[in-house]
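Remarks on the overall topology
Residue strings, one per chain:
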Amino acid sequence: MQLTKTGSISAALAAATCTLLSANAIAADSNTGNSTDSLIEGWQFNSALLYYGETDRVKAAEAILSARGDFGDDKFLNLNLVLDSLTGASATGAVAQPDAQTFTRPSGAGSYTTAAGATPLDDTFHDTRVQLDASWEQPLTANYRGTVGGHFSKEYDYLSLGINGNISRDFNHKNTTLSVGTSFSHDSINPEGGIPSAFTPMLFRSNFASEGAYQQAFDGSRRTDSDTKTTAELLFGVTQVINPDWLMQLNYSIAKADGYLSDPFKVLSVVNSNGITQQNLYEQRPDSRTKQSLYWQNKWHLSGSYLDLSYRYMWDDWSLNSHTADARWRFPVAGNWYIEPHARYYTQDEAEFYQPFLSEGMPLPAFASADYRIGQMDAYTVGAKVGTVLEGGHDFAVRLEYYQQNPNNPGVELPGVLQDLELFGDVKAVMLQVSYSF
Amino acid sequence: MNNKIRILITALALSQLAACASLDTVKPWQRGTLAKKEMQLNSAGLDNALDDHIYFSKEGSSGGRSFAGGGCGCN
């Protein structure tokens, strides 16, 4: 009798567990969209359109379509297509001056003029890019899972090809997951007008007697037509379930890039003791860079809301260290609607060879760049996303964000007229995104 | 003094170990919330991809969440 009773209790517990497990499985399915009305059986699609606009500078539009196909037995094929278009003006690295300045376009053909007191911006940027990614994931043995993928990105003057792989293993009843991933990419750049030699001065057509003489000098200032870089990376991760409402991840990554890491469009102004530009020299960065990062992410369920907090510390052998903190908090509101405020703070130290300008009469350093993106900078993003689950389980969301970069002077003394000019101007941008999953 | 620090460190280490041991308490039937889409680490995959692309091209850092290298000439 006792035995029977124990047996029936075990059976009841087992049945209850199975019911709960299958309920969880259903919950997971409905939330990952597998129960939505799908366009193609077994496939789930996510799409987004993004507009990014900086005040007086770059404007970009980007479209993404991603598809995830379920091939049964926990095997998935992920496909990703990205199209983006970029126009507008980008800071060249040259300093503002009390008078208007004229610059030769990167192609060598034609010039543009920057107004007195304004930050020199090259307005020749027009580019369209297409990107394709594919990956296949499947269980390998019990507790092991593997992913292999490929990456292709092409724009007018740039091609990137990459492969990647990842293996993960579950422990502690799937409460702990360890993963290791690796990627390798090969990029080639073929810029209009070729790649300038290190610290070669920007030439002006007006200083030459004939077009032929100018073209000959311009060609002589180019090191090559195209160049390449390779990037190899390792990524280690631990994911830990802390409790039924808290998930945590810690990643360590190391990436080594070798090859052409300079920007063929960026220059440094050489100024005299009164801050007046004498000439502009094309920049030169080292030909290798090793970046490392620690990334820590937390997901909390807090009485119906979901909080995503992450922090990243990145450091490299260019002495560029950065801290990034990011918070997203998703609250349910009326009906199937939700709102998700987002805040991000970023701060970086300058690369050791960053200089806002060069001084006349000083010997040239081995490396120098005035690109504010590797200078000292703080940046923040604030915004919110509003979304809903429509009939059929399709997600629709709109996201609006404001992004501001505040470049800082890393402690360089400004000579003469530069003291009264804005050399470290803010960059302000708005992002608007519409997303739809089906 | 050194002993006190050692004891403190040992106590901290033991408390961490105890915390780790207690991590294994989330049972399959307690994972309803963890299974939700909102609780996935990359729940907003497209948002993250777009953000990573913007910040990759505007700042001196990249990666962390996923691979940092290669990609586009926007940097």
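For the structure, see preceding data.
Attention here is on the structure that accompanies the text. (Residues numbered from 1 in each chain as written. Chains lettered and ligands numbered in written order. Predicted model: local features only at pLDDT ≥ 70, side-chain atom pairs only at ≥ 80, totals over all residues. Heavy atoms only, no water.)

Digging into the packing of aromatic side chains
All names here are of chain A. Tallying each qualifying case throughout the model produces 15 aromatic pairs over all chains. Centroid distance Phe71 to Trp136: 5.3 Å. Interplanar angle 70 degrees. Geometry classified as edge-to-face. You can see Phe71 sitting in the loop between β2 (59-70) and β3 (76-91) and its partner Trp136 sitting in strand β6 (residues 121-139), a full 65 residues away along the chain. For Trp136, a relative accessible area of 27% gives the class partly exposed. Measuring from centroid to centroid gives 5.0 Å for Trp318 and Phe353, while their planes differ by 75 degrees, and the two rings are edge-to-face. Within this pair, whereas Trp318 is found in the loop between β17 (305-316) and β18 (322-332), its partner Phe353 is found in the loop between β19 (337-348) and β20 (358-359), the two being separated by 35 residues in sequence. (Phe/Tyr/Trp six-rings, centres within 6.5 Å; stacked < 30°, edge-to-face > 60°. Helix = DSSP H or I, 4+ residues; strand = E, 2+ residues; numbered from the N terminus. Buried < 20%, exposed > 50% of the residue type's maximum accessible area, 1.4 Å probe, protein only.)

Thoughts on the side chain of Ser437 of chain A
All names here are of chain A. Checked against the element boundaries, Ser437 lands in strand β23 (residues 427-437). We classify Ser437 as buried; its relative accessible area is 8%. In contact with Ser437, not counting residues within four places along its chain, are Phe45, Asn46, His394 and Asp395. (Contact = heavy atoms within 4.5 Å.)

Concerning the sheet that holds strand β15 (residues 277-282) of chain A
All names here are of chain A. Spatially, β15-β14-β20 is the arrangement adopted by the three strands of the open sheet, whose pairing is mixed. Two strands lie at the open edges of the sheet, namely β15 and β20, each paired on one side alone. Bridge analysis of strand β14 (residues 267-271) against β20 gives two bridges, and the strand direction is parallel. Across the sheet, the residue bridging to Val271 is Ser359, located in β20. (Pairing = 2+ DSSP bridges.)

Notes on the nonpolar core
If you look at the biggest cluster of nonpolar residues, it comprises 21 residues, and the most contacted ones within it are Tyr52, Tyr403 and Met431 of chain A together with Ile54 of chain B. Where this core is concerned, the elements lending two or more residues are β1 (43-54), β2, β3, β21 (377-389) and β23 of chain A together with α2 (45-58) of chain B. In contact with Met431 of chain A, not counting residues within four places along its chain, are Leu50, Tyr51, Tyr52, Thr381, Arg399, Leu400, Glu401 and Tyr403 of chain A together with Ile54 and Tyr55 of chain B. With ten residues, the next largest nonpolar core counts Ala96, Val271, Phe357 and Phe424 of chain A among its residues. (Core = buried A, V, L, I, M, F, W, Y, C linked by side-chain atoms within 4.5 Å.)

The quantities given are spatial measurements derived from coordinates; they are silent on function.
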